[in-house]
Amino acid sequence: MKDLFTRAWKKSKGFILQSGALFSIAAFVFSLIVSAAIMLLSGFDPLQGYSALLSGAFGSWDNVATTLGTATPLIFAGLSVSIGKRAGFFNIGVEGQLLSGALAAAVAGAYLKGLPAFIHIPLCFAIAWIVGGLIGVLSVKLKQFMKVSELIITVMLNYVITYLVDILVSEFFLNPGYVVRTPDIQASAALAPLVPLSRLNTGIFVALAGTVLLYWIYRRTRFGYEILAVGLNRRAAETGGIAVNTKVSIAMFISGGLAAMGGAVESMGVHGYYIANMVSGYGYDGLTIAIMGGGNPIGCVMASVIFGALRAGSSNMNRTTNIPGEFITILQALVILFVSAPLLIRYFKDKLTRTKSSGSEAA
Amino acid sequence: MNVVEMRGICKSFGLVNANVDVDLDIAKGEILSLLGENGAGKTTLMNVLYGLLEPDAGTIWINGRQERILSPLTATALGISMVHQHFMLVNTLTVAENVVLGYEPRKGAFFDRARAFEEVGRLSEEYGLRVDPHAEVSTLPVGMKQRVEILKALYRKSDILILDEPTAVLTPGEADDLFEVLRQFKQSGKAIILITHKLKETMQAADRITILRQGRVVRTMPRVEADVDQLAEMMVGRRIVFSIGRKEMPKGLPVLMSIRHATLKREGVAKLKDINIDVHGGEILGIAGVDGNGQTELAEVLTGLQRLNEGAIYINGAPVKAPTPAKMLELKVGHIPEDRTTRGVIRNFSVSQNLILGYQRSARFSGRLQLKKRAVDAFAKNTAEKFDIRCGSIDDPLSSLSGGNQQKVVIGRVMSEDPRIVIAAQPTRGVDIGAVEYIHERIVELRDAGKAILLISADLDEVIKLADRISVIYDGRIVSDDEAKNYDERRLGALMTGQADESRREADR
Amino acid sequence: MDAQMLDNIGSLLASTVNIFIPITFAAIASCFSARTGIINMALDGIMLVSAFFAVYGSYLTGNAWFGLGLGIVAGVAIALFFSVITIKFRCSQALAGLGINMLAKGLTIVLLQAIWNAKGKSAIVEGIDVIRFDAIAGVPILGSIFAQIPPLLIVLVASLALVQVVFFRTVFGLRMHVTGENPVAARSLGIKVERMQYVCMIISGVFASLGGAYLSICDVSIFSRDMVAGRGFIGMAVAIFGANQPVGCILGGLLFGFAQSLQYRLQGGAGIPTQLVQMMPYVLTLVALAFSKKDTSGLTESRL
């Protein structure tokens, strides 16, 4: 028994150390501490704040449902960034892809009538995936054509898509009435809620399926091997016969598609239509989640739950205390900044190992 | 009095002794050729003089005073300038701006552009360089760009100029122009050190010659006393070692791979010029030559990484239509890349992941979508044992292995796939002595089994030891092709340094 | 032309200028850092922080100019923070920028609550008033623009002229250019690359802060949450489109300002969706990047 325990302990220790989860956990803890300090300095009570967060996130079954329901699109966003990063493409365009997926699903859900649910729902998903995926591929092609970093391209594209989606809604898919949104989706396209009147819907199963899919791709498939090769050392991958540009495009089709799914799940499971700002900020959350998750799909899920909890908890904190919910933005920002700290550590580690190895190899 | 004296310079990088007890001197109005092959220590020595490196031992005297040259700024202040092989120019600025950078003529905080144009123009006139100070550097041909670098040296009032392989990027006509300019410099009393491996230039331009080999000075002599054969032998000369046992191969072996009329241009410069090569099964064809004469491009073309502008590759007689790395791998062409870290391995991948790189598509290792993990692991364990790859486990990251073991991973990978043809580029570069022997034995093993091996190496020892046939590459052309046993040091040296050309007459140079 | 139409044109031009000022400040800020090879991804954050502290400073002392000074100090501090992370520790500029922008957003909202117990807007403070030239107030068109001149407009125009001179006529500008174009060559010439980058980042911070402060104490005399609304990125887009040169920035800024204010006036009445105008700077930047042969924007792979 003890032997089993020691082995399990060793394995999980190895997993944590190797997978960089240690960094992410440390970064998160540091962020919590610094946020608490900021709260204190601003005249708020951190204990009050954090307990409001916690109870808002996990205090009741309804709250837990909200947390998990909020986590659902975040999982998709995190997975999206994760596969892009694996292939060496930093997909900041998640925000735009999420949005377009939300719109595509809402439109397909509202305007396609007379379909049974078991056809309608997958169809909406498929349409959303294709739209997001094509945007992902577009980003890659633009980068290849313009030879400019994807970080600028995807940021610009985000703005363009945001406005384009707005135009599409107000010009073509507008629901009559005061609120600017698309018409209600058909009942056949709706995702059933798991807890009545909450955000948590069957979409979470799709998200978990997506996680399993990515896990399988990463660990078991040749494609997963090849995109990792491309992401780590593009030239060596090329020498090894891997069609680099094609692989990155495929990876980004999947990435964009996953992000779009996140939006689709919101349209079909939470709101029942597309409305502006429905997924605002989820894309940037996705970035943080992917970084925290360290390229491991399961890590993404865990980080997504944390962020879902933060979002759910923050509205409670807003309501019940005078501490603004925006503290979670601060927390998130600190996580991003602290996560750059491992890069710092790696920077020093690299410097040390480089000087050692250059001595023994021929100049 | 000598303008520069370097006495007893020693410099090592880890286990490699780049300079051992080197003496060098040069007087005013003299052109000194610093002659040697790759790795002889020429650039290291000049980097010491220019302040880019600090010597482990030895002294430097400038104009009779001992100096410590700690940085290029000190060197410049002492009147030393270096024109590097890779230009340090800003493409979007004009010639004049590039030349005066760092020592700009000013009016207070303002840049006196007019004066810059004027002064640079004057210098250009005075030394017959004929460079337009107003021209934007990006529009200039390579020969002109070099002149801008030379103008930089003149502008800084340098009396000691170091030029690193100056004709490497020039056409023959441009090279002649350059030497004319250098002759003028000489007349105005400047001292010029030419780092070169080219004998013809040395004989054309130098007053004195210092020959370096493996970090030591072989001899310093006036040019008038030298002759090319002698120089070649001193540069390259070492005992020929036929110490590796090999099978006697039958005559009339089939040509497994050939390349015809191959031409490759990069940025307008021809890197491969009308190359014709045949590689027979059961034979090691060694491509000898000093680094930078087209070997890299040759390897890239034969492995599908680059497309030829003209010409074609043939495998078993059939032309390869649109060569890509994947296609060449499928056609059973194994590749040992010359740059292991950039192209050969993926540092963060495990040993086993690296062992299947390039072959992950084969039925052995993957099904329709998935990798066959157990098959891969078994293969990896097997291969690691077979090739004596020293690592903790096959799941260890590759970066934890030594250079030699990393190279064994590459070799093991290539050999385990039963290739028909192997392109081995610098197979023992950066590899410790113990692994070198091992790798050589494996290559001969392949040859004995009837494979065709193309060995590209800047290490002449290696080529002489392993090759059945040797072709020499110089300036993008094959200048010689013969059985290995017909070569001696002099002939090889002369061919490698451009002094001889057996492919056609000299007349058209 | 009747008086009404003249009035309309006049107010159109006046609002153009109003939009032009902060965008162009941001654009110059972007130019300064980009020319030395660092993309200032934290522009939004710097502007937001300076907008906030400008109002806070005015709130504390009742003096708007003190507020402006405080805003600049705060903005420069953020710029320095960004530069240390990215230059010294070589962290991804995009990540660092993202983190700082988010931090600024969250912090300013939290401070809004802490200081004024407000969720959306701060108290109204002393602002920097426009300079009035009542003499020409009656003049059609010109009167609308020039009768009330915000002092920061004068600062902006003077800065643009100064920056033009610095970039193209001084030794400092020349060395800046080299640092961005070819840092290896710069180093071999004895130019201290990192120091140049830090100095230019500080200057970038100053300009960004001026832009941010304009939005708060010059325009509306309050701070409201998220009031920068991406103007930093728009400024960067304008700078890229204008090839990182003052003239280009002016043209880009005017173009954008005009289109924006035109769109406000028309209120979609002419059938052009407002969003088309709003996405214009981003589309134009993508277009400019697609067609620029020279890498003047420094946005290739290795940098970010």
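Bear in mind that the values here come from a model prediction, so they are computed numbers and not experimental data. (Residues numbered from 1 in each chain as written. Chains lettered and ligands numbered in written order. Predicted model: local features only at pLDDT ≥ 70, side-chain atom pairs only at ≥ 80, totals over all residues.)

**Student:** Quick rundown of the overall build of chain A? Include the residues and the values.
**Tutor:** If you tally the helices and strands in chain A, you get 14 helices and zero strands. Taking 2.2 N^0.38 as the reference for a compact globule, 363 residues should give roughly 21 Å; the C-alpha atoms of chain A span a radius of gyration of 22 Å, in line with that estimate. The dimensions of chain A, computed from C-alpha atoms along their principal axes, are 75 × 55 × 45 Å. Taking all contacts inside chain A whose residues are at least 6 apart in sequence as the whole, residues at least 24 apart take part in 79%. (Helix = DSSP H or I, 4+ residues; strand = E, 2+ residues; numbered from the N terminus. Rg over C-alpha atoms; globule rule 2.2 N^0.38 Å. Contact = placed C-beta atoms within 7 Å.)

**Student:** Give a detailed account of the overall build of chain B, specifying residues and quantitative values.
**Tutor:** Counting its secondary structure elements, chain B contains 17 helices and 22 strands. At 25 Å, chain B has a C-alpha radius of gyration in line with the 23 Å of a compact globule built from 509 residues. When each of the 509 residues of chain B is scored for burial, the buried share is 48%. Considering only residue pairs separated by 6 or more positions, chain B has 68% of its internal contacts joining residues 24 or more positions apart. (Buried ≥ 20, exposed ≤ 12 C-beta atoms within 10 Å, placed from the backbone.)

**Student:** Which residues make up the interface of chain B and chain C, and what values do they have?
**Tutor:** On the chain C side, the residues contacting the 14 residues of chain B number 15 residues. Those elements that provide at least two residues to the side of chain B that touches chain C are α2 (72-77) and β8 (110-111) of chain B. Here the side of chain B that touches chain C is built from residues that sort into nine nonpolar, two polar and three charged. (Nonpolar A, V, L, I, M, F, W, Y, C, P; charged D, E, K, R; others polar.)

**Student:** Talk me through the nonpolar core; I want residue IDs and the actual numbers.
**Tutor:** Within the largest apolar cluster, 367 residues are counted, with the highest numbers of intra-cluster contacts made by B:I162, B:L455 and C:A51. If sequence neighbours within four positions are ignored, B:I162 has contacts with B:M46, B:L49, B:Y50, B:I80, B:M82, B:V83, B:I193 and B:I195. (Core = buried A, V, L, I, M, F, W, Y, C linked by C-beta atoms within 7 Å.)

**Student:** Provide a residue-level description of the interface of chain A and chain C, including the pertinent values.
**Tutor:** Facing the 34 residues of chain A at the interface are 37 residues of chain C. When residues in the side of chain A that touches chain C are grouped by element, the largest group, twelve residues, is from helix α14 (residues 327-360) of chain A.

**Student:** Give a description of the packing of helix α3 (residues 64-88) of chain C against helix α9 (residues 193-220) of chain C that names residues and reports values.
**Tutor:** Residues and elements named next belong to chain C. In contact at an axis separation of 7 Å, α3 and α9 are set at 140° when each is read in the N-to-C sense. By the angle between their directions, the pair α3 and α9 is classed as oblique. Handedness of the crossing formed by α3 with α9: right-handed. Taken together, the residues that form the contact of α3 with α9 break down as 16 nonpolar, nine polar and one charged. (Axes fitted to C-alpha atoms, helices over the stretch in contact; angles between N-to-C directions. Parallel < 35°, antiparallel > 145°, perpendicular 65-115°, else oblique. Left-handed = near helix turned anticlockwise from the far one by under 90°.)

**Student:** Quick one: what's the story with the pairing of strand β21 (residues 469-474) of chain B, residue by residue and with numbers?
**Tutor:** Residues and elements named next belong to chain B. Of all six residues in β21, five are buried, a share of seventy percent or more. Two strands pair when backbone bridges link them, and strand β15 (residues 283-288) and β21 are joined in this way by four bridges, in the parallel orientation. In the strand pairing of β21, L285 is matched with R469. Direction of pairing for β21 relative to strand β22 (residues 477-483): antiparallel, over a ladder of six bridges. Within β22, the residue paired with S471 across the bridge is D481. The antiparallel hairpin formed by β21 and β22 contains two residues in its connecting segment, where D475 sits at a positive phi of about 55°. (Pairing = 2+ DSSP bridges.)

**Student:** I'd like a description of the sheet that holds β15(B), backed by residues and values.
**Tutor:** Where strands meet in a sheet, backbone hydrogen bonds hold them as pairs that are either parallel or antiparallel. Residues and elements named next belong to chain B. Taken together, the six strands give an open sheet; going across it, the order is β18-β19-β20-β15-β21-β22, and neighbouring strands pair in mixed fashion. Edge positions in the sheet fall to β18 (333-336) and β22, since each of these pairs with one other strand and no more. Strand-to-strand, the axes of this sheet are offset by a mean angle of 15°, without reference to chain direction. Sheet strands in contact with helix α9 (residues 295-302) are β15, β19 (421-425), β20 (452-457) and β21, and its direction is about 150° off that of β20. The sheet strands contacting helix α17 (residues 489-496) are β15, β21 and β22, and the helix crosses β21 at an angle near 30°.

**Student:** Can you tell me about the sheet that holds strand β5 (residues 65-67) of chain B, naming the residues and giving the values?
**Tutor:** Residues and elements named next belong to chain B. The strand order across the open sheet formed by four strands is β2-β1-β4-β5, and the pairing between neighbours is antiparallel. At either margin of the open sheet sits one strand with a lone partner, and together these are β2 (16-27) and β5. For this sheet the average axis-to-axis angle between neighbouring strands, irrespective of direction, equals 25°. By the bridge criterion, eight bridges tie strand β1 (residues 2-13) to β2 in an arrangement that is antiparallel. When the sheet's bridge partners are listed, E5 is paired in β2 with D25.

**Student:** I'd love a proper account of the confidence of the model for chain B, names of residues and values included.
**Tutor:** All names here are of chain B. Taken over all residues, the pLDDT of chain B has a mean of 87, while the share at 70 or more is 96%. Averaged pLDDT values over the elements of chain B bottom out at 77 in helix α8 (residues 228-236) and peak at 94 in β19. A low-confidence stretch, residues 505-509 stays under pLDDT 50, and its non-local contacts, those more than four residues away or across chains, total two contacts. With pTM at 0.81, the complex prediction returns an ipTM value of 0.83. (pLDDT = per-residue confidence, 0-100.)

**Student:** An account of helix α4 (residues 61-86) of chain A is needed here, citing residue identities and associated values.
**Tutor:** All names here are of chain A. End to end, α4 covers 36 Å across 26 residues, agreeing with the expected 38 Å (1.5 Å per residue, within 8%). The buried count for α4 comes to 22 of 26 residues, which makes it a mostly enclosed element. Trailing α4 by a residue or two, G88 shows a phi angle of about 90°, which is positive. (Expected span 1.5 Å × (residues − 1).)

**Student:** Tell me about the pairing of strand β6 (residues 80-83) of chain B, and name the residues and values.
**Tutor:** Residue and element names in this part refer to chain B. Residues I80 and M82 of β6 are buried on one face, and the alternating residues S81 and V83, pointing to the opposite face, are buried as well. Sheet analysis places β6 next to strand β9 (residues 160-164), joined by four bridges and oriented parallel. Paired with I80 across the strands is I160, a residue of β9.

**Student:** Explain the domain arrangement of chain B to me, and be specific about the residues and the numbers.
**Tutor:** Residues and elements named next belong to chain B. Domain assignment breaks chain B into domain 1 (2-236) and domain 2 (255-508). Summarising the inter-unit geometry, the C-alpha centres of domain 1 and domain 2 are found 35 Å apart. With 13 residues of domain 1 at the contact, the number on the domain 2 side is 14 residues. Looking at the side of domain 1 that touches domain 2, the elements with two or more residues in it are α7 (199-205) and α8. The greatest single-element share of the side of domain 1 that touches domain 2, amounting to six residues, is contributed by α8. In terms of residue class, the side of domain 1 that touches domain 2 is made up of six nonpolar, two polar and five charged. (Domains from an automatic or database assignment.)

**Student:** Tell me what's going on with the confidence of the model for chain A, and back it up with residues and numbers.
**Tutor:** When pLDDT is averaged across chain A, the result is 86; 91% of the residues are at 70 or more. Looking over chain A, one finds the lowest element-wise mean pLDDT in helix α1 (residues 2-19) of chain A, namely 66, and the highest in helix α11 (residues 244-271) of chain A, namely 95.

**Student:** Give me the lowdown on unusual backbone geometry, citing residues and values where you can.
**Tutor:** Non-glycine residue A:L197 carries a positive phi angle of around 60°. Secondary-structure assignment places A:L197 in the loop between α7 (150-171) and α8 (203-220). Note on A:L197: 7 C-beta atoms within 10 Å, which makes it exposed. Its identity is not glycine, yet B:N63 carries a phi of approximately 50°, on the positive side. Locating B:N63 in the fold gives a position in the loop between β4 (57-62) and β5. Looking at B:N63, the number of C-beta atoms within 10 Å reads 15, which means it is partly exposed.

**Student:** So what's going on with the environment of B:M6? Residues and values would help.
**Tutor:** Looking at the secondary structure, you find B:M6 in strand β1. Apart from the residues within four sequence positions on either side, B:M6 is in contact with B:V22, B:D23, B:L24, B:L49, B:G58 and B:I60.

**Student:** Explain α9(C) to me, using residue names and the numbers behind them.
**Tutor:** Residue and element names in this part refer to chain C. Taking 1.5 Å per residue, 28 residues should reach 40 Å; α9 reaches 40 Å between its end C-alpha atoms and fits that length. If you look at α9, its biggest bend is around 40°, right at Y214. The buried fraction of α9 amounts to 20 of the 28 residues, a majority that puts the element mostly inside the structure. Directly after α9, the chain includes S221, whose backbone phi takes a positive value near 60°. (Bend = angle between axes of the 7 residues up to and from the residue.)

**Student:** Describe in detail the environment of B:V217, supporting the description with residues and values.
**Tutor:** Residues and elements named next belong to chain B. As for its position among the elements, V217 is in strand β12 (residues 216-222). Taking the C-alpha atoms as reference points, V217 and M257, 40 residues apart in sequence, are found 41 Å from one another. Beyond its immediate sequence surroundings of up to four residues, V217 is in contact with V22, D23, T210 and L212.

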